[in-house]
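A look at the structure
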Amino acid sequence: MLLPLSLLFVGAVLFLNGIWMSGRIADREIVIINVVVAVITAAVAADGVFGATDPAAVKSAALTLLFTTTYLWVAYNRITGVDGRGLGWFSLFVAITVVPVAIEETLGADSLLALWLGLAWAAWAVLWFMYFLLLALQRPIGGAATLATLLCGIFTGWLPALCMFYGVLA
């Protein structure tokens, strides 16, 4: 199961991107973590696709690639200095795409891990929607988006990954 691996690095990139959004990390320096996490999540998705025996495995890989694309796009934007409007519109696409996942996972939860996953998808949907508002529509929600990014990094990635590593969340 590669979920804890992905979550640990998603937690790291979200946490660090939140710090970057607050102005404490330079644009060019934030590129590396975004690329590293994009490579890790792409590898996890590839493993899922190549080992897929049912549509659920393909769905999981496709959803993972939404993260991969987001992090690659953040890295590209920091390297090129573009304003991020394209990423903002992609974020709207992703937010809409994952809302049904959040609902399905939450309503069908039969364990603490399944419930957490549904709630995490809901939090990620909100976060991607905030990026749409911030980047595509240029709404002044930078402070809220920064805080949401930091909190999602901690509570939807880093801490759950640690709990899975130590058998607290299974």
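Thresholds, definitions, all that
Residues numbered from 1 in each chain as written. Predicted model: local features only at pLDDT ≥ 70, side-chain atom pairs only at ≥ 80, totals over all residues. Heavy atoms only, no water. Helix = DSSP H or I, 4+ residues; strand = E, 2+ residues; numbered from the N terminus. Expected span 1.5 Å × (residues − 1). Bend = angle between axes of the 7 residues up to and from the residue. Axes fitted to C-alpha atoms, helices over the stretch in contact; angles between N-to-C directions. Parallel < 35°, antiparallel > 145°, perpendicular 65-115°, else oblique. Left-handed = near helix turned anticlockwise from the far one by under 90°. Nonpolar A, V, L, I, M, F, W, Y, C, P; charged D, E, K, R; others polar. Buried < 20%, exposed > 50% of the residue type's maximum accessible area, 1.4 Å probe, protein only. Contact = heavy atoms within 4.5 Å.

1. Examining helix H6 (residues 142-165)
Helix length check: H6 (24 residues) gives 33 Å between terminal C-alpha atoms against 34 Å at 1.5 Å per residue, within 8%. At Ile154, H6 shows its largest kink, close to 30°. Positive phi appears at Gly167, one or two residues downstream of H6, with a value of about 75°.

2. Focus: the packing of helix H1 (residues 3-21) against H6
When two helices pack together, their arrangement is given by the angle between the helix axes and by the axis-to-axis distance. Packing of H1 against H6 leaves a shortest axis separation of 7 Å and a crossing angle of 155°. Considering their axes alone, H1 and H6 lie roughly antiparallel with respect to each other. Considering how the two elements wind past one another, H1 and H6 form a crossing that is left-handed. Partitioning the contact of H1 with H6 into residue classes produces 18 nonpolar, eight polar and no charged.

3. Description of helix H3 (residues 55-80)
In this model, H3 (26 residues) spans 37 Å end to end at C-alpha, consistent with the 38 Å of a helix rising 1.5 Å per residue. Residues of H3 that are buried include every one of Ala61, Leu63, Thr64, Leu66, Phe67, Thr68, Thr70, Tyr71, Val74, Ala75, Asn77 and Arg78, and no others. The inward-facing, buried residues of H3 contact H1, helix H2 (31-50), helix H4 (85-107) and helix H5 (112-136). Backbone geometry just downstream of H3 places Gly81 in the positive-phi region, at approximately 80°.

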